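# Descriptive structure summary
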Amino acid sequence: MSDQANWPEADLSRSGWALAAGGVLGGAVAAMLALGGGTDVMAGVMAFALGTLATVGAVTIGALPLWLVLHYRGARRLRHAAMLGAIITFVLALAAQTHGFGLADAPPVDAATRTYRWVSATATSLMLAAVAAAIAVVMWVIAYRVRD
């Protein structure tokens, strides 16, 4: 743990702006994915709106409780925010793509198909984790200031 005098500080106003920025960035990623998939502009706008709402909800419900624990334990640096965003996103994305890590009912497949699905899900989850880490970095930069 570092000295408390050098800990970054956040306030409610900057935290709110950070949440808004994270939501907009998440919405922009969703819109880019939708438009890259060949949908029309209206579907891209809808993807932006839903992506923004989903990002704000995921950060508020999923990441905030864990971040508060880290914050009050003194792990509130930029690297902590990036790691938390990446880890949460990786785990959730991998679980979503692998039928709950193989615990939920899944259609029967052979070993080669199962391996391909796991490798594909891991690669996709790593890419999403990198995007989430970048969004977490932007949110941290908006929310936190280092004491002088």
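Described below are features of the structure shown in this document. In this text the structure is predicted, and so the values were computed from the model without any measurement.

At a minimum axis distance of 8 Å, the contact between helix H1 (residues 12-36) and helix H4 (residues 111-143) shows a crossing angle of 155°. With respect to H4, the element H1 is oriented roughly antiparallel. By crossing handedness, the relation of H1 to H4 is classed as right-handed. Of the residues in H4, those touching H1 at Arg14, Ser15, Trp17, Ala18, Leu19, Ala21, Gly22, Leu25, Gly26 and Val29 are Val131, Ile135, Val138, Met139, Ile142 and Ala143. In the contact of H1 with H4, the residues fall into 12 nonpolar, three polar and one charged.

Another aspect to go through is the environment of aspartate 105. Within the secondary structure, aspartate 105 is located in the loop between helix H3 (78-97) and H4. Measuring from C-alpha to C-alpha, the distance between aspartate 105 and leucine 33 comes to 28 Å, with 72 residues separating the pair along the chain.

Taken as a whole and assessed by the stated rule, the structure comprises two aromatic pairs. Seen in terms of ring centroids, tryptophan 140 and tyrosine 144 are 5.5 Å apart; in terms of plane orientation they differ by 10°. Their pairing is stacked. Since its relative accessible area comes to 8%, tyrosine 144 is described here as buried. Ring pairing ties together the aromatic residues Trp67, Trp140 and Tyr144, which thus form one cluster.

The rules we used
Residues numbered from 1 in each chain as written. Predicted model: local features only at pLDDT ≥ 70, side-chain atom pairs only at ≥ 80, totals over all residues. Heavy atoms only, no water. Axes fitted to C-alpha atoms, helices over the stretch in contact; angles between N-to-C directions. Helix = DSSP H or I, 4+ residues; strand = E, 2+ residues; numbered from the N terminus. Parallel < 35°, antiparallel > 145°, perpendicular 65-115°, else oblique. Left-handed = near helix turned anticlockwise from the far one by under 90°. Contact = heavy atoms within 4.5 Å. Nonpolar A, V, L, I, M, F, W, Y, C, P; charged D, E, K, R; others polar. Phe/Tyr/Trp six-rings, centres within 6.5 Å; stacked < 30°, edge-to-face > 60°. Buried < 20%, exposed > 50% of the residue type's maximum accessible area, 1.4 Å probe, protein only.

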